[in-house]
Amino acid sequence: MGKVAPAVPAGRRTVYRMLKQAEATWGTAPALHQPLGRGNYETYSWVDYRLAAEEVAAGLRSLGLGLGDIVGLASETRAEFYLADIGIMINGSIAAAVYTSLPPADQVKTLLKCDPKAVFIESPKTMKILDAAGLAALDVPRILLTGEADGAITLARLRETGQQAITADQTLLPRMEAEVRPEHHAILYLTSGATGEPKMGLVTHNSAVANCECGPPALPVGDEDSTLVFLPSAHITQRMVLELLMIRMGVPVWFSEGLTKLPNELRTVRPTFFVAPPRVWERMYASITTEIRKKPAAIRKLFYMGLGVGSEASRARQAGRSPSPWVSSSLKFFNSVVFSKIRQRLGGRLRIAASGAAPLGKELAEFYSSIGLPLIEGYGLTEGGVVALNPISRPKPGSIGKTLAGVEFRLAEDGELLIRGEMVFSGYYKDSEATSIVLRDGWLHTGDVAEVDADGYYYITGRKKELIVSSNGKKIYPARIEGLFKLEPLVNQILLVGDRLPYMTALITINPQAAEQIKGIAAGTPVPEMVQSASLQGEMKKLVQRVNRQLASFEQIRKFKVLDREFSMESGEITPTMKLRRGKVLDNFKSEISELYMGREDFG
């Protein structure tokens, strides 16, 4: 792992001091790699990182911004975002990043709601779009991270102003460092709002740095590793793990140009540590299994034999024992012939593959473990920080792992997971009522229902708000059942329906690439035509029957509707982090759901 930076002492924890420790430890080693196109990158060393962030901080101070002022950020994840974000915090201001995948009007609404005293914007194009959506009415300084435009300061100009201020006043940076205390707020998370109106969560410097201190005992990464990042910086997984924790651990960060470029970037950057949400791992799984189904019977048989051997080896590791000699020798063969080729898609150097930002299905985790790429799942939330992680040496598929150092878990009588620790947030911005609901008696009430096994591994079984209670009183948590369906390449998205209703039904969207493998469906057939196809409906019926065999009778899907479009952000049905807004889906598809409860059941 190379050099290890010392921890910032308790009582002095600020993001600035953590960055200074990183710079003192790794110096001119590379810290950030920003793509410039055509395979070229601009690289910032740890020295460059600190100097640039200090210049941003001093530039903001020159504009009149200071302690406690909120500064908005409207940008994709990129090196300039990191420089601006850390610079805001060094200045004692509060960094508030908006989800850029939201419609422009929603981005503006969220930015205006947090009362920013300045806004960083990614590009002139982004500024033009946001101004047209209402941001032009906000009379505050705006700083462009890239490019130039009338009415905006460039990042280069802001840094130049800051550098001049630092040169003119040698006490400026020391004063800033002394002025910002651990209890001051550093981040305002503008949550994506899976269950309603977005809430804005305030996090102190102490909470952020204390959360980073959970990393060294649990995550064996350092300056000899590398990571490739693409998640939105408004999300806690990206902000806390892939920005702040990477400072603490000294891991060089490579930035992606976008999801379409990600497959090629994985092969060229070849990260050793990679974090992606379940949606990415689901799509990769669907792509692999769809390709396998196109292969000759002998290759398909070889693949599934290998999965069986890999699964046995995985079960042995989870139990803390060595696989049998036969399994070990067979696994070497399958690893060489089959699984290593799959892992090459991720660059071939990956040591730690993690799933974050949303729950991962147990069966999906078991698949990746079987091919020699165990997904390390953790658990975190905006209000609580990143608080649990599977042990790297012994992950359990389906589990969120064990509590990290300094974190306390407790299960309430109804199974709700409660959290206590320094990393817990301070409360919601200008919403004391909502704060008092989740922060009670020193514990954060997460809204997640959990279980714990004899080894101390925790399992999230569902959300309290998503609990389905059928008309006969049976309680059903939909996440587990929906996870089983996501293992089927034909299924793209699914939402279970059945609260206060006599039986379970489902709304399903399809994966067109998988549908094209069905006999009678030609390549390029429009999705609305696909879903009307008798052959697709027949395949989906067999698929539902397959999943139903794994469920209790009261959980089984009795009817389903295949939709002719995906759930979308534009329709308000999914959040920027790909979580379903169940209430919105139920509202948008009222007529389809009504049809599912007319007439007799299809399965019974």
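Before reading on, note that the structure itself is shown above.
All of the points below concern the structure found in this document. (Residues numbered from 1 in each chain as written. Predicted model: local features only at pLDDT ≥ 70, side-chain atom pairs only at ≥ 80, totals over all residues. Heavy atoms only, no water.)

## Thoughts on the packing of helix H3 (residues 79-90) against helix H10 (residues 236-249)
Following both chains from N to C, one finds H3 and H10 inclined at 80°, their axes separated by 12 Å at the closest point. The orientation of H3 with respect to H10, classified from their angle, is roughly perpendicular. Contacts between H3 and H10 involve Phe 81, Tyr 82, Asp 85 and Ile 86 from the former and Gln 238, Arg 239, Leu 242, Glu 243, Leu 244 and Ile 247 from the latter. Split into classes, the residues belonging to the contact of H3 with H10 amount to six nonpolar, one polar and three charged. (Axes fitted to C-alpha atoms, helices over the stretch in contact; angles between N-to-C directions. Helix = DSSP H or I, 4+ residues; strand = E, 2+ residues; numbered from the N terminus. Parallel < 35°, antiparallel > 145°, perpendicular 65-115°, else oblique. Contact = heavy atoms within 4.5 Å. Nonpolar A, V, L, I, M, F, W, Y, C, P; charged D, E, K, R; others polar.)

## Describing the side chain of Glu 23
Topologically, Glu 23 is positioned in helix H1 (residues 15-26). Sequence-distant contacts of Glu 23, defined by excluding residues within four places in its chain, comprise Trp 46, Val 47 and Arg 50.

## Some words on the pattern of salt bridges
A complete count under the given rule lists 30 salt bridges for this structure. Residue Glu 282 is joined to Lys 486 by a salt bridge in which the shortest nitrogen-to-oxygen separation is 3.9 Å. Of this pair, Glu 282 sits in helix H12 (residues 278-294) while Lys 486 sits in the loop between helix H17 (478-485) and strand E25 (491-497), and the two are 204 residues apart along the sequence. On the basis of relative accessibility, which here comes to 10%, the residue Glu 282 falls in the buried class. (Salt bridge = Lys/Arg side-chain N within 4 Å of Asp/Glu carboxyl O. Buried < 20%, exposed > 50% of the residue type's maximum accessible area, 1.4 Å probe, protein only.)

## Quick word on the nonpolar core
Formed by 131 residues in total, the largest nonpolar core has its most connected members in Phe 120 and Trp 281. In this structure Trp 281 touches Phe 274, Ala 276, Leu 346, Ala 353, Ala 354, Ser 355, Leu 364, Tyr 368, Leu 373 and Leu 375, once residues within four positions along its chain are discounted. One finds Ile 508, Ala 515, Leu 536 and Val 547 within the second-largest nonpolar core, a separate group that totals 28 residues. (Core = buried A, V, L, I, M, F, W, Y, C linked by side-chain atoms within 4.5 Å.)

## Describing the environment of Leu 130
When you line up the elements, Leu 130 lands in helix H5 (residues 124-132). For Leu 130, a relative accessible area of 2% puts it in the buried group. As a C-alpha pair, Leu 130 and Arg 239 span 109 residues in sequence and 23 Å in three-dimensional space.

These figures come from the coordinates and say nothing about function on their own.
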